[in-house]
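What follows is the residue order along each chain.
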Amino acid sequence: MTLPPEFALIARHFRPLAGPGALDLSDDAAVLAPPPGREMVLAADAMVSGVHFLPDDPPETIGRKLLRTNLSDLAAMGAAPLGYLLTTILPRGITPGWLEGFAAGLAEDQKEFGVVLLGGDTTSTPGPISLSLTILGHVAPGQAIRRVGAGPGQDVWVSGTIGDGALGLAVLLGEVPGGATGHLAGRYRLPRPRLALGQALVGLATAAMDVSDGLVQDLGHLCRASGCGAEIGAGRVPLSAEAAALLADRPALLPRVLTGGDDYELLFAAPPEAAAEIEARAAACGVAVTRIGRFLTGEPEVVVRDAEGGVLPIHHGGWSHF
């Protein structure tokens, strides 16, 4: 018996990605038990063509970015990944080649990060490609790192480098030089979820989240959750060599670096006495970490200071959908 087109699509492109709990994608839901003695951690993110990725981005990178942005949410909570649910809302007439590339990208990152597809939904739309992924992970009971928990006197830390994602988008839009295959463009298309670092920070970080909507805005989220303020030094924010070179030529891009988003690095709080252990654990994970400021008593506001200690005006903290 011939499968209806929707089910043939699922069988061809997504069934090879399914894990045991997915029941071969032949039932209405997956059946899954968390590892013994662990709590489940769940998160969901959506991506829409023209908003979260460019319409001409390679489908391989679109699938991988979708999975990685969700994995980054697990990393921020110190959780280990388990599997995911996927919803694809695709225009009629989507080409087999696009679907093959999208599924191939997911397969590549499933191997890298140790996750499997557990189920989901596929439907059509007259509008742009829309994708949603729900990630499932696990953590020791009571050990998930939350946004609440930062306090005055604690340090503000970030992993990796900041601004590459925003500058990479500018490169791909032709606003600044850099090349579609260069480092910055690659960082926009393929974030690097800091899963090992997030798990290593359990017991050290008092609060954390990932930088998705802009460093200043996301630090503001930590401040509001924790009931304190923060200040950071613009010159202490870590930059890649490519971003630093671009800023040296175009200093006016600094606000975009601080507010542009799409970094998916970890932003976290920790007491000063934990600094040496944090650096040691990060080094063991192969990830650079940098102290960029501190949390303060006061209103939940973020102050950015320039090299002379003056306040650097930031008129737009980060990305907002509305």
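Residues numbered from 1 in each chain as written. Predicted model: local features only at pLDDT ≥ 70, side-chain atom pairs only at ≥ 80, totals over all residues. Heavy atoms only, no water.

The name given to the protein in an unreviewed UniProt entry is Thiamine-monophosphate kinase, with the source organism recorded as Roseomonas marmotae. Listed in UniProt under the heading Pathway (unreviewed entry), the comment for the protein reads: "Cofactor biosynthesis; thiamine diphosphate biosynthesis; thiamine diphosphate from thiamine phosphate: step 1/1." (UniProt positions renumbered as here; feature names shortened; annotations may be inferred.)

### Quick notes on the sheet that holds strand β3 (residues 116-125)
The strand order across the open sheet built from four strands is β1-β4-β2-β3, with neighbouring strands paired in mixed fashion. Looking at which strands have only one partner, the edges of the open sheet turn out to be β1 (39-48) and β3. For this sheet, the mean inter-axis angle between neighbouring strands, taken without regard to orientation, is 15 degrees. Where strand β2 (residues 80-91) and β3 come together, nine bridges link them in parallel fashion. What sits directly across from Leu86, in β3, is Gly120. Set on the sheet, helix α3 (residues 96-113) makes contact with β2, β3 and β4 (130-139); between it and β2 the angle comes to about 170 degrees. (Pairing = 2+ DSSP bridges. Helix = DSSP H or I, 4+ residues; strand = E, 2+ residues; numbered from the N terminus. Axes fitted to C-alpha atoms, helices over the stretch in contact; angles between N-to-C directions. Contact = heavy atoms within 4.5 Å.)

### Digging into the side chain of Asp218
Tracing the chain through its elements places Asp218 in helix α7 (residues 215-226). This buried residue, Asp218, is left without a salt bridge; Arg147 holds the nearest opposite charge, at 6.1 Å. The contacts of Asp218, once residues within four sequence positions are left out, are Met209, Asp210, Val211, Ser212, Asp213 and Leu267. (Buried < 20%, exposed > 50% of the residue type's maximum accessible area, 1.4 Å probe, protein only. Lys, Arg positive; Asp, Glu negative; His and termini not counted. Salt bridge = Lys/Arg side-chain N within 4 Å of Asp/Glu carboxyl O.)

### Topic: the environment of Gly101
Within the fold, Gly101 resides in helix α3. Residue classification places Gly101 among the buried positions, given a relative accessible area of 6%. Spatially, the C-alpha atom of Gly101 lies 13 Å from that of Lys65, the residues being 36 residues apart in sequence. Not counting residues within four places of it along the chain, the set of residues in contact with Gly101 comprises Pro59 and Glu60.

### Some words on the side chain of Ser49
Note on placement: Ser49 falls in the loop between β1 and α2 (59-76). Discounting residues that sit within four places of it in the chain, Ser49 has contacts with Pro55, Pro128 and Ile129.

### Regarding the environment of Val311
Tracing the backbone shows Val311 in the segment after β10 (302-305). In the structure, Val311 is positioned 78 residues away from Gly233 in sequence and 9.4 Å away in space, judged by C-alpha atoms. Beyond its immediate sequence surroundings of up to four residues, Val311 is in contact with Val303, Val304 and Arg305.

### Some points on the sheet that holds strand β6 (residues 207-210)
Read from one edge to the other, the open sheet built from six strands follows the order β6-β8-β5-β9-β7-β10, with strand pairing classed as mixed. Of all strands in the sheet, those with a lone pairing partner are β6 and β10, marking the two edges. Going from strand to strand, the sheet's axes swing by 25 degrees on average, the running direction of each strand aside. Note that strand β5 (residues 155-159) and strand β8 (residues 266-270) share four bridges and pair antiparallel. Along β8, the bridge assignment pairs Trp157 with Phe268. Against the sheet, α7 makes contact with β5, β6, β7 (229-233), β8, β9 (289-296) and β10, and its axis sits at roughly 145 degrees relative to β6, the strand it touches most.

### Focus: the UniProt feature "binding site: substrate" (unreviewed entry) in the protein
Following the UniProt record, one finds the feature "binding site: substrate" (unreviewed entry) at His52, Asp262 and Trp319. Within the fold, His52 resides in the loop between β1 and α2. At 2.9 Å, the side chain of His52 and the backbone nitrogen of Val48 are in polar contact. (Polar contact = N/O pair within 3.5 Å; in protein donor to acceptor, adjacent residues only side chain to side chain.)

### A word on a nonpolar patch on the surface
On the surface, Leu32, Met40 and Leu42 cluster together into a nonpolar patch covering about 260 Å² of accessible area. Exposure remark for Leu42: the relative accessible area of 55% places this residue in the exposed category. (Patch = residues over 30% accessible without salt bridge, like charges linked within 9 Å, V, L, I, M, F, W, Y side chains within 5 Å. Areas by Shrake-Rupley, 256 points an atom, 1.4 Å probe, with all protein chains shown as cover.)

### Quick look at the nonpolar core
Judged by nonpolar contacts, the single largest core of 51 residues is most densely connected at Phe14, Tyr84, Leu86, Phe102, Phe268 and Ile278. Excluding anything up to four places from it in sequence, Phe268 contacts Asp155, Val156, Trp157, Leu201, Ala205, Ala207, Ala208, Ile278 and Val289. (Core = buried A, V, L, I, M, F, W, Y, C linked by side-chain atoms within 4.5 Å.)

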